[in-house]
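Each chain, written out:
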Amino acid sequence: MSSEQTNSASTNQPGKTAAYSILVLIITTLSVGMPYQVDIKILLLLALTLTVLIARADGWHFTLIMDSMCSGIVRAFPALCIFILIGALIGSWIQGGIIQTLIFYGLQILSPAFFLPAGLLVCSVVSLATGTSWGTAGTMGIAFMAMGQVLGIPAPLTAGMVVSGAIFGDKLSPLSDTTNLAAATTGADLFAHVRSLLLTTVPSYLLSLGAFYVAGRHYHQTQSTGGNQVSELLQLLQQNFVISPWLLLPILAVLLMSVLRVPALIALMSGALLGVLCSVMVQGDSIGSALNAMNSGYVSHSGVATLDTLLNRGGIVNMMGTFALSFMALCLGALIDELGYLRVVMQGLLQQVKRLGSLVALVIGACFMTNGLMGEVYLSIIVNGNLFRQEFARRGLQPAMLSRTLEEGATLTGPLIPWTTAGAFMGGVLGVPAIDYALYSFFNLINPLVAIVFASAGLAVLRTKPTTAAPHSASHDLR
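This section reports on the structure supplied with the text.

**Regarding the overall build of the protein**
Summing up its helical and strand segments, the protein has 24 helices and zero strands in all. In terms of overall size, the protein behaves like a compact globule, its C-alpha atoms giving a radius of gyration of 24 Å where 479 residues would be expected to give roughly 23 Å. Summarising its shape, the C-alpha atoms of the protein cover approximately 70 × 50 × 40 Å along the three principal directions. Across the 479 residues that make up the protein, the buried fraction comes to 56%. Charged side chains of the protein number 19 positive and 18 negative; the gap between the two group centres comes to 14 Å.

**Quick word on the pattern of salt bridges**
Summed over the entire model, instances satisfying the criterion amount to six salt bridges. One salt bridge connects K41 with D39, and the closest N-O pair in it is separated by 3.2 Å. Residue classification places D39 among the partly exposed positions, given a relative accessible area of 37%. The shortest N-O distance in the salt bridge between R75 and E338 comes to 3.5 Å. Of the two residues, R75 sits in helix α4 (residues 62-75) while E338 sits in helix α17 (residues 320-338), which places them 263 residues apart along the sequence. On the basis of relative accessibility, which here comes to 40%, the residue E338 falls in the partly exposed class.

**Things to note about the environment of T200**
Structurally, the position occupied by T200 is in helix α11 (residues 190-218). Since its relative accessible area comes to 1%, T200 is described here as buried. Along the backbone, T200 and L157 are 43 residues apart, and their C-alpha atoms lie at a distance of 23 Å. Sequence-distant contacts of T200, defined by excluding residues within four places in its chain, comprise R404, E408, N447, V450, A451 and F454.

**Here we look at the side chain of S326**
As for its placement among the helices and strands, S326 is situated in helix α17. Relative accessible area serves as the criterion here: at 0%, S326 is assigned to the buried category. Those residues within four positions of S326 in sequence are excluded, and the remaining contacts are L80, F83, W419, T420, T421 and A424.

**What to know about the state of the cysteines**
Under the criterion given, the structure shown has zero disulfides. The thiol of C81 is unpaired, and the distance to the nearest cysteine sulfur, on C331, comes to 15 Å. Accessibility expressed as a relative area gives 19% for C81, which makes it buried.

**Description of unusual backbone geometry**
In this model, Q37 sits at a positive phi of 60 degrees, which is unusual for a non-glycine residue. Mapped onto the secondary structure, Q37 falls in the loop between α2 (16-33) and α3 (40-57). Given the relative accessible area of 74%, Q37 is considered exposed. One non-glycine residue with positive phi stands out, namely A460, at about 55 degrees.

**Focus: helix α15 (residues 287-296)**
Counting along an α-helix, one turn takes 3.6 residues, and residues three or four places apart therefore face a common direction. Listed in full, the buried residues belonging to α15 are A290, A293 and M294. Buried residues of α15, viewed axially, fall in a sector of 100 degrees; they line one side. In this structure, the buried side of α15 is in contact with α5 (77-95) and α14 (264-281). Of the residues flanking the end of α15, it is G297, one or two places downstream, whose phi is positive at about 85 degrees.

Conventions adopted
- Residues numbered from 1 in each chain as written.
- Predicted model: local features only at pLDDT ≥ 70, side-chain atom pairs only at ≥ 80, totals over all residues.
- Heavy atoms only, no water.
- Helix = DSSP H or I, 4+ residues; strand = E, 2+ residues; numbered from the N terminus.
- Rg over C-alpha atoms; globule rule 2.2 N^0.38 Å.
- Buried < 20%, exposed > 50% of the residue type's maximum accessible area, 1.4 Å probe, protein only.
- Lys, Arg positive; Asp, Glu negative; His and termini not counted.
- Charge placed at Lys NZ, Arg CZ, Asp CG, Glu CD.
- Salt bridge = Lys/Arg side-chain N within 4 Å of Asp/Glu carboxyl O.
- Contact = heavy atoms within 4.5 Å.
- Disulfide = S-S within 2.5 Å.
- Arc of directions from axis to C-beta.

In structure tokens:
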């Protein structure tokens, strides 16, 4: 390389032209390829290749480029492991009749009119108690997807409800990784962060609950025509599986382990093994078939299309597409983060912001963009927390307001993007692509809008106490 080529690499200063070129090429590759139904994994691979070529032209050594991509995989390694274990858990739980038992009792309680708001509440409570949206979607979410299908509710709408409820707890629970990470990144007290979240979360959640109630009422008229289908499915479940309240114990065990802060990998593996135990001891399956279900998923041979469609899922093999999608997104995101290209773009935008409403909108938009570019909510929170921390302090705003805004921009929008770890996971587990359920994830869409409106109106604004030595007064910026 020439001295001009190595300049940016030797000084660790990314070029502005390269930074904006990478951003434009990534957005163009995805936006042009998706309408032609090109697989997202291929589009990400193309975007990654173009980014590597631009980084090399900008003077970065290939070894450093590879190390940057590896750092993204290392940081997200636990999430990638969870992909595998959730697949094993779902396969073993269906093989063991656990999911079928949850569907059996759920269908007897819920009606189309109240299915969506009730499901939102259940998923919210489970996620709030455990602090994990992935665990909620991988357990309760699977059952609700099956029940929604039987009740005649479109799968994207049901998936949107599950995602909304699951993310509610992931955003608000003191047990959640993202809740703790947002507080730690900004220097906010954890419970001050949670109190700050309540100011915008509660009204957003009530609006979401109303929206799901209205959507559910639309399908109330189908309840009478779907009653026979529900009765037939209940009979089929009893004929093909042992249904017992005792089979709900593995679910309770995993939830309890989550509450007790048992590491997620241990809790999920324990749950999968409990499913194997139920398969052998309750359903009468062989040990070999019970263990193989963890790998290949459950395969129903009932001959009844409705039942087979509901239950043919799970397994490590069926999560590999999701795994590969997240792998490439993480490599791309880590590359533009580690080499500083994302920071260059964000700092350029920050210089244009004057008002508080615009600042909050910028943080939320930046989190959404970095979710899409980096593929991981955790990385988005860390990058934007460090980027905007000084600006919030300069404007006299409490750290808890920034931590709240990070969650509203990163935690909530992550599952709406198909190639993020959250979006790929939810789409893979629920069987509905993120691009299809995104418009029905009412809570995820409403909360960021409420945050921007509140900030623009001067509501729920958390300011620090004024000091006599304030270096800058920006009260006119905060209206």
